[in-house]
Structure formats: structure tokens, C-alpha cells
Amino acid sequence: NHYKLWLNYYPIENTIIKNSIVKHFNNIQVLNNDATIDIIKKELNIASAGFINRDVKFNTPNSETGLLIGTLDKLPNNIAQRLDGEFKSHEGFAIFQHNNTIVITALSTVGLLYGTYNLLENIGANYPLTGVKNFSEPLIQHRILNHWDNLNGTVERGYSGASIFNWHTLPDYIDQRYIDYARANASIGINGTVLTNVNSNATILTGTYLQKVKALANVFRPFGIKVYLSARFSAPIELGKLKTADPLNADVQQWWANKINEIYDSIPDFGGFVVKANSEGQPGPQDYNRTHADGANMLAKILLPKKGIVMWRAFVYSHEQNEDRHKQAYNEFTKLDGQFLPNVMVQVKNGAIDFMPREPFHPLFGAMPKTPLMLELQITQEYLGQATTLAYLAPMYKEVLDSDTYAEGKGSTIGKLLHNQKLNGIAGVANIGADINWTGHLFGQSNWFAFGKQSWNYNASPKEIADTWLKLTFKASDNFYQDISKIMLNSREAVVKYSNPLGLHHLMGTGHHYGPEPWANYLPREDWNPTYYHKADSFDIGFNRTKTGSNALSQYKPEVQQQWQNEDSIDLKYLLWFHHVNWNKKLNTGRTLWNELCYQYQSGCDDVKNMITTWQKYKNELDMPTFNHVNMLLNIQYKEAVWWRNSSTLYFQTFSKLPFPQFLEKSD
Ligand code: GCW
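No experiment lies behind these values; they were computed from the predicted model shown. (Residues numbered from 1 in each chain as written. Predicted model: local features only at pLDDT ≥ 70, side-chain atom pairs only at ≥ 80, totals over all residues. Heavy atoms only, no water.)

> How should the overall build of the protein be read in this particular structure?
From N to C terminus, the protein includes 20 helices and 15 strands. Expected size for 668 residues packed as a compact globule is a radius of gyration near 26 Å; at 26 Å, the protein falls within 12% of this value. Seen through its C-alpha atoms, the protein measures out along the principal axes to roughly 85 × 65 × 50 Å. Across the 668 residues that make up the protein, the buried fraction comes to 62%. Relative to all contacts within the protein whose residues are 6 or more apart in sequence, the contacts with residues 24 or more apart total 73%. Within the structure as shown, the protein displays about 25200 Å² of accessible surface, and the carbon and sulfur contribution to it stands at 49%. Across the protein, 62 positive and 62 negative side-chain charges occur, with their mean positions spaced 2 Å apart. (Helix = DSSP H or I, 4+ residues; strand = E, 2+ residues; numbered from the N terminus. Rg over C-alpha atoms; globule rule 2.2 N^0.38 Å. Buried < 20%, exposed > 50% of the residue type's maximum accessible area, 1.4 Å probe, protein only. Contact = heavy atoms within 4.5 Å. Areas by Shrake-Rupley, 256 points an atom, 1.4 Å probe, with all protein chains shown as cover. Lys, Arg positive; Asp, Glu negative; His and termini not counted. Charge placed at Lys NZ, Arg CZ, Asp CG, Glu CD.)

Here's what the structure looks like:
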């Protein structure tokens, strides 16, 4: 049923490896003592039961130490000296061998927990223990899940059942799920969680609910996970009965100060707030003619002495402005650069529109040098086929993190820019729900896993992450791992091809965002209608964002503009994002634009077919429920792909009036 996620600890079959683990687990010395250490010990026990079907033994007198776990200050000098490298953070860890002992060390016990999980992961993925050596530190400080969970148990854009947080039974009932959730997060380095939807009302900030939050914070704390909440900007009106929520009003400030004190009384290490203000109808400082900086700073000032942070979202756009939505956040926020207090991060989605299967990077990255930005990624597949689609997102995250903004010359990738900020973070909108397997689609687990790994280390390789995840998730042959890794790595590209090829975007069903609806133009807001984005007519298709169009391109650095400004040289994956192109234009693939579009739709469908064939090769290696689960979902995905292909090509043909090329299959 895959409830255990990647923490299966399957039995080790290779006897040499098994014997070596038995030896190491036979005498574990742990030099510290606190709640995190208790978790480490428990996890070692669970792992040992799985790997070698035995209990671990701690501090066995007179026997050689197999595994030594302790913070650096507790290690014997001769061992501590072996450490090459110096820790820069309390979360980093080192694993190395000293004589026959494997040592895990760190500056904090949470670092030891990360080191322990790393060792167990290596065992689970069958990496040899002898000569083990690993020094790892997070490149990003705040690695945070954003739950869009509502207090009534529903999850906005959640496709894997109800919220895992049961507000009704909290604080007295601590569901085992909360503990397993924390284990899973800690095992991949996630150190924060926003429990509530950015669209939520103020109820979570009432005393009753704060007691529930406190109960969760108590569970998560020893796992190194801080709790954050979304703060509704108008809470002083709704809860405090004030007449205003103006951030410059003294009563409003006092209300928040009292509220924040109340929170810290219960949760002394509370992380802070995420705020969605003046965005899609949410209240905010602009309701009082104040700026986003006024709003963010009001909260940040109170949080600063308590070490709390504000993650102020930049997802703002308005249909009342006669301006390309792509440009609006940049226009709104760049003028505020330098005005935010140091504990504010402006949280920016990876692209300027909204979590499309592919977007060029958001022009705010690199454009606010005096303001720490936080990257917001989406793990839940709102626009990527939701939970019926196998789309492994690590390649997409990597594409974003590797995007070169040229802000400080060549090589100013988003990953590096974030890393170089004094304060930094990456948020991932969670795909977690109460389904038995947590994520609806079993392969959704790989995206949660990858998010953790990539927010710890933005250089991590999507292939290595996939390979490790596969080994931890399935007990299968090497051929299986190799083949399925390949389809994972290609899967997001397949979705792009059959749904949003060549830079087309926002063509999904309006509202629910599932399946195609490129023809929709009936919504009251123009900027929610797919027709606004593809702009097809009898001559051309695509959104002209160059000088002769909306000129969103001007928001990027000149080097980037140069890459994208010319329809003859732009990477085809962004062609129709930036250009309005003639149907008959010959592309460098040798095909006309119309034929290329058809080709992409077809090729995406072919890829899904190939995923099915590959999966089916392994029917006999997998247990039936697992095989069937993925097999049925892949078959649904194929139907979706064909639906996208057929409806999109038929619809666009009403503009192009061109015949379908032969390779386009009409039989499915
Ligand atoms: O992607 C859009 C979603 C909304 C979401 C919003 C946001 C939480 O369709 O459901 O609201 O973005 O990110 O604020």
C-alpha cells in the first residue's frame, strides 16, 4: 500500500552487505541525549527490523563500536580530528569511517538525525558501507512545505484525499500520521511546514486553534521541523473587531503584537507567517493605500526579536490593469526593493503566470538585489494532470534552479542567487493528503522526495534522486530501476508536449485546471481565459511578449532578452510564450509551426504509450496492487494525452485551416 513512503527498509539480501550491517548495528554508541536522539534510536530500530530482522543494540559493553553517533563536541578528540571540513550550519552532518566504526557527527542533534537518515538511505539503496564518507550541508536554510489545507479538511488543489491534519481531534489526539509525516520530512531535510492554506480565513489564529497548532509543533520539533501559519491580513478586523487592518494603524499593530506574543507563548520556536495579500481577492495593505512592504514590515517588525520570518507572496495580478499578467508582479515589487525588513522574504513562484508545466523563470529573480527572495515551487500537480498523471518534477525544479538570470553576469542561476542571500528558502506546495499512499499517485511520492533533496542541494541530480527513490520504493530488478528511471526523467516533458507544447500555456479547463479547454473564453476575467494566452487567429498563434507586443521580455536582463527576442533563434520550448508566430513558419526542426505543433502533441502521446509498455514489462516483478495502481493510472493518462492532442489540434485547426500531417494518429 506504500504508506511507508521511501522508508520501507526492505530486507537486505546480499549477505556481505547484510553481515556488515549486522556488525554495525550490534553496538551503537550514542553520545547525546534529547528528544531528537530518541527519534534517532527509534528510527534505527525500525530500520534494523526491516533490513536485517534484528534489534539494534546500544552501548553493548566490551564490544567493538559499530556505529558512533554524537555531536562534534562530544566526540573523542582523535575521532573528531578525522573530520575534513568545517560545519557552516547546525544542520550539516558528516559520516565517515574510523577504524571499523562508522561515525555520524554534526553540530546539533538534528544534524545527527539528518546524518542517520542519510546512512539508512544509503543502506536502503544498496550503497556499500565500507569506506563511507559524506559531508553534507544544506545550501538553502528554509526548506518548507506549504499546505493549502483548509480547517474543514479539504485541500485546495489537493488530489490525494482530505487534509492529514485533523483539526477536530487535535490537540488531544495525536495521529500516528503526524509522526510519520515528520519522519518522512526529516528524512529528506525539510525543516518547516505551513499548516494552512494561503487562502484561509483567520480562524487558525484563534486561541482554540493555536492550541492545536501547538500540539503539532510539539510533535514536529524534535524532527527539526518548525511550524508556520498563513496570516490573513484582515484578521484584526475579523478576530479583533477593529474597524481597519491598516498596517500603519497603532491599534492594528498592537493587535498583531498581542497575537504574535500569544503564539510564541505556546510555540517558542514558531517559524513565522506566509501571507497572500491583495492577490485573487485576498485582503492586504493596498486596501488602505499602503504598499506590500508596509504590510510585510508591520508583521516582520514584531517577529524580528522572536526570530520569526515573513514570507510575503508576490503572486499578484489584476484584471483591472490593462497589462500582461506576466509583468504585473515585477512592476509591483521591484519598486519596493530595499524597503523590506531583513526577516522578510518575498516568495516568488517559479514562473510569472502560474505553475504551468513549463514556464520561463520569473523575471523577479535577479531583479530585487536588496531583497531576499524565496522560490515557490508546486509539488501538487495542479496544472500537470493532477494525481492521475505520472510527472516526475525533479527535472522541472532543476530547470528552474539552473535558469541563468544574468543578474550578476553569466552563471547567476536562481539556485546560486538564492544561496548567496543572507536569508533564503524554497517553498513547495505540498501534494500530501490522507490517501493511504499519501500522494494519490504512487509516483507523486517521488516529487515530495525530490523537493526535499533539491531544496537541500539545488545541484542534486534528478537522475540520482529518481534512482534512489526507486530503490527505496520498489523491491525489483536492476532492469526495472533503469527502465523506470528513464520514463520518470522523460515524464514531465511528455506532459508538456501533449498539453502545453512550444511555450503554449494556461490552456487547461478553467477553474479546476484539469484537461484541455483552450477554447474557453467565457470567464468574467480575461486573464483567466485560455484564449487570452494562446491568441490564435487565422494567421498566427502565441503571445507576443517582445517589444512589438506586451514587452514582458524587457523585464529580463539583456543577455536573456537576446536569447528569447528573436523567433528564429529562441529555444522552441519558449517560442509561443514570447512570440506570435505564423502557422506556416518553417522551424529549425524542418517542420512548419503547424506541423511541429501536431508533432509535439503526437510525440507526447507516444511517450505515454511507451511508459505503459515499459511498466507492463515488470508485471511479474511487482505485487499486484502496486502494478495495477500504476498501470491503471497510466492508462488514464494515455486517455488524457489523447484527449489533449485531439481536442487541441482540432481546435487550433479551426484557425490554421491546415491539414493534419500524416503522423498524427486519428485512430485512438
Ligand atoms: O494556482 C493558483 C491556484 C489557486 C491558488 C493560487 C495561489 C491558493 O489556482 O488555487 O490559491 O494560485 O497560489 O495563491
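And the narrative resumes.
> I tried to follow the pairing of strand β4 (residues 101-106) on my own but got confused; where do I start?
Every regular strand shows the same layout, with side chains that alternate between the two sheet faces. Within β4, six of the six residues are buried, leaving the element largely enclosed by the surrounding structure. Side chains T101, V103 and T105 of β4 all project onto a buried face; the interleaved residues I102, I104 and A106 project onto the opposite face, where all are buried too. In this structure, strand β2 (residues 67-69) lies alongside β4, joined through three bridges in parallel fashion. The residue of β4 that forms the bridge with L67 is I102. With six bridges joining them, strand β3 (residues 93-98) and β4 adopt antiparallel strand pairing. Looking across to β4, one finds that I95 is bridged to I104. Linking β3 to β4, which pair antiparallel, is a turn of two residues; within it N99 sits at a positive phi near 50°. (Pairing = 2+ DSSP bridges.)

> Could you clarify how one ought to interpret the pattern of salt bridges in this entry?
Pairing is possible between side chains of opposite charge, provided their charged atoms come close. As enumerated under the stated definition, the model contains 29 salt bridges in all. A salt bridge links R358 to E399, with the shortest nitrogen-to-oxygen separation between them at 2.9 Å. Taken together, the positions of R358 in the loop between β11 (344-349) and β12 (373-378) and E399 in helix α11 (residues 394-401) put the pair 41 residues apart, joining distant regions of the chain. The structure contains a network of salt bridges with shared partners spanning R358, E399, R492 and E493. (Salt bridge = Lys/Arg side-chain N within 4 Å of Asp/Glu carboxyl O.)

> Mind showing me how you'd approach the site of the ligand here?
The environment of the ligand is made up of 15 residues, and the closest members are E156, K276, K349, D354 and E382. With respect to the ligand, the side chain of E156 contributes an N or O atom lying 2.4 Å from an oxygen atom. Within the side chain of E382, an N or O atom sits 2.6 Å from an oxygen atom of the ligand. Considering the ligand on its own, with 340 Å² of exposed area, one finds that the protein chains cover 97% of that surface. Here the residues of the shell around the ligand are counted per class, giving four nonpolar, three polar and eight charged. (Near = heavy atom within 4 Å. Polar contact = N/O pair within 3.5 Å; in protein donor to acceptor, adjacent residues only side chain to side chain. Nonpolar A, V, L, I, M, F, W, Y, C, P; charged D, E, K, R; others polar.)

> I'm lost on unusual backbone geometry in this one. Help?
For the bond running from L170 to P171, omega is 0°, close enough to zero to count as cis. Summarising the element assignment, P171 is placed in the loop between β6 (142-146) and α5 (176-187). Located in the positive-phi region is H2, a residue other than glycine, with phi close to 60°. One can find H2 in the segment before α1 (15-25).

> How should I be thinking about the packing of aromatic side chains in this particular structure?
Aromatic rings in a pair are described by how distant their centres are and how their planes are angled relative to each other. In this structure the tally under the stated criterion is 46 aromatic pairs. Relative to F652, the ring of W583 lies with its centre 6.5 Å away and its plane at 50°, an arrangement referred to as tilted. Placement of W583 in the loop between β15 (581-582) and α19 (593-616) and of F652 in helix α20 (residues 624-656) is noted, with a sequence separation of 69 residues between them. Exposure remark for W583: the relative accessible area of 1% places this residue in the buried category. Ring pairs connect the aromatic residues Y3, W6, F165, W167, Y178, Y181, Y209, F220, W438, W448 and F449, which therefore count as one cluster. Above the face of the F58 ring, K41 is positioned so that its terminal group lies 5.6 Å from the ring centre. Looking at K349, its charged tip hangs above the ring of F315, at a distance of 3.2 Å from the centre. (Phe/Tyr/Trp six-rings, centres within 6.5 Å; stacked < 30°, edge-to-face > 60°. Lys NZ or Arg CZ within 6 Å of the ring centre and 35° of its normal.)

> Where do I start with the side chain of N278 in this structure?
For N278, the location among the structural elements is in the loop between β9 (272-275) and α9 (292-303). There is a polar contact of 2.9 Å between the side chain of N278 and the backbone nitrogen of Q286. When neighbours within four sequence positions are excluded, N278 is seen to be in contact with P283, G284, P285, Q286, D287, H292 and V316.

> Would you mind showing me how to read the domain arrangement of the protein here?
For interface size, the figure often reported is the accessible area lost on association. Here the domain parsing of the protein yields domain 1 (15-136), domain 2 (142-461) and domain 3 (496-656). At the junction of the two partners, domain 2 supplies 40 residues and domain 3 supplies 42 residues. In total, domain 2 and domain 3 occlude about 3500 Å² of area from one another, counting both sides; carbon and sulfur atoms represent 60% of this. The interface formed by domain 2 and domain 3 contains one salt bridge. As a salt-bridge pair, R545 and D324 come within 2.7 Å of each other at their nearest N and O atoms. Ranked by residues supplied to the side of domain 2 that touches domain 3, first place goes to helix α10 (residues 325-334) with five residues. Across the side of domain 2 that touches domain 3, the residue classes tally to 16 nonpolar, 14 polar and ten charged. (Domains from an automatic or database assignment. Buried area = accessible area lost by both parts, 1.4 Å probe.)

> Any chance you could explain the sheet that holds strand β8 (residues 226-230) here in plain terms?
Sheet strands pair by backbone hydrogen bonding; their relative direction is either parallel or antiparallel. What the eight strands build is a closed barrel, ordered β6-β7-β8-β9-β10-β11-β12-β13; its pairing is parallel. Direction aside, neighbouring strands of the sheet carry axes that sit 25° apart on average. In this sheet, strand β13 (residues 425-429) lies alongside β6 in parallel orientation, the contact comprising five bridges. Along β13, the bridge assignment pairs N146 with V429. Strand contacts of helix α6 (residues 207-220): β7 (192-194) and β8, with the helix running at about 150° to β8, the strand carrying the most contacts. (Axes fitted to C-alpha atoms, helices over the stretch in contact; angles between N-to-C directions.)

> Just to check I follow, could you spell out α20 for this structure?
The α-helix advances 3.6 residues per turn, and as a result positions three or four apart in sequence lie on the same side. For α20, built from 33 residues, the straight-helix expectation of 48 Å at 1.5 Å per residue is met to within 8% by its first-to-last C-alpha distance of 47 Å. Directly after α20, the chain includes K657, whose backbone phi takes a positive value near 55°. (Expected span 1.5 Å × (residues − 1).)

> Is there a simple way to think about the sheet that holds strand β5 (residues 134-136) in this case?
Read from one edge to the other, the open sheet built from five strands follows the order β1-β2-β4-β3-β5, with strand pairing classed as mixed. In this open sheet, the two strands that pair with only one neighbour each are β1 (28-30) and β5. Direction aside, neighbouring strands of the sheet carry axes that sit 15° apart on average. Docked against the sheet, helix α4 (residues 109-124) engages β2, β3, β4 and β5, running at close to 140° with respect to β4.

> Quick question: what am I supposed to make of the packing of helix α14 (residues 462-473) against helix α15 (residues 478-499) here?
Helix-helix packing is described using two parameters, namely the angle between the two axes and the distance between the axes. Axis separation between α14 and α15 bottoms out at 9 Å; the angle between their running directions is 130°. Relative to α15, the element α14 lies oblique. In this structure, the crossing between α14 and α15 has a hand that is right-handed. Residues P462, K463, A466, D467, W469, L470 and K471 of α14 form the contact with α15, whose own contacting residues are F480, Y481, I484, S485, M488 and L489. Residue composition of the contact of α14 with α15, by class: nine nonpolar, one polar and three charged. (Parallel < 35°, antiparallel > 145°, perpendicular 65-115°, else oblique. Left-handed = near helix turned anticlockwise from the far one by under 90°.)

> Just to check I follow, could you spell out the side chain of E359 for this structure?
Counting through the fold element by element, E359 comes out in the loop between β11 and β12. Buried and unpaired, E359 has no salt bridge, with R325 as the nearest side chain of opposite charge at 7.5 Å. Within the local environment of E359, its side chain forms a polar contact with the backbone nitrogen of A352, the two atoms lying 2.9 Å apart. Leaving out residues up to four positions away in the same chain, E359 has contacts with G351, A352, I353, D354, Y574 and W577.

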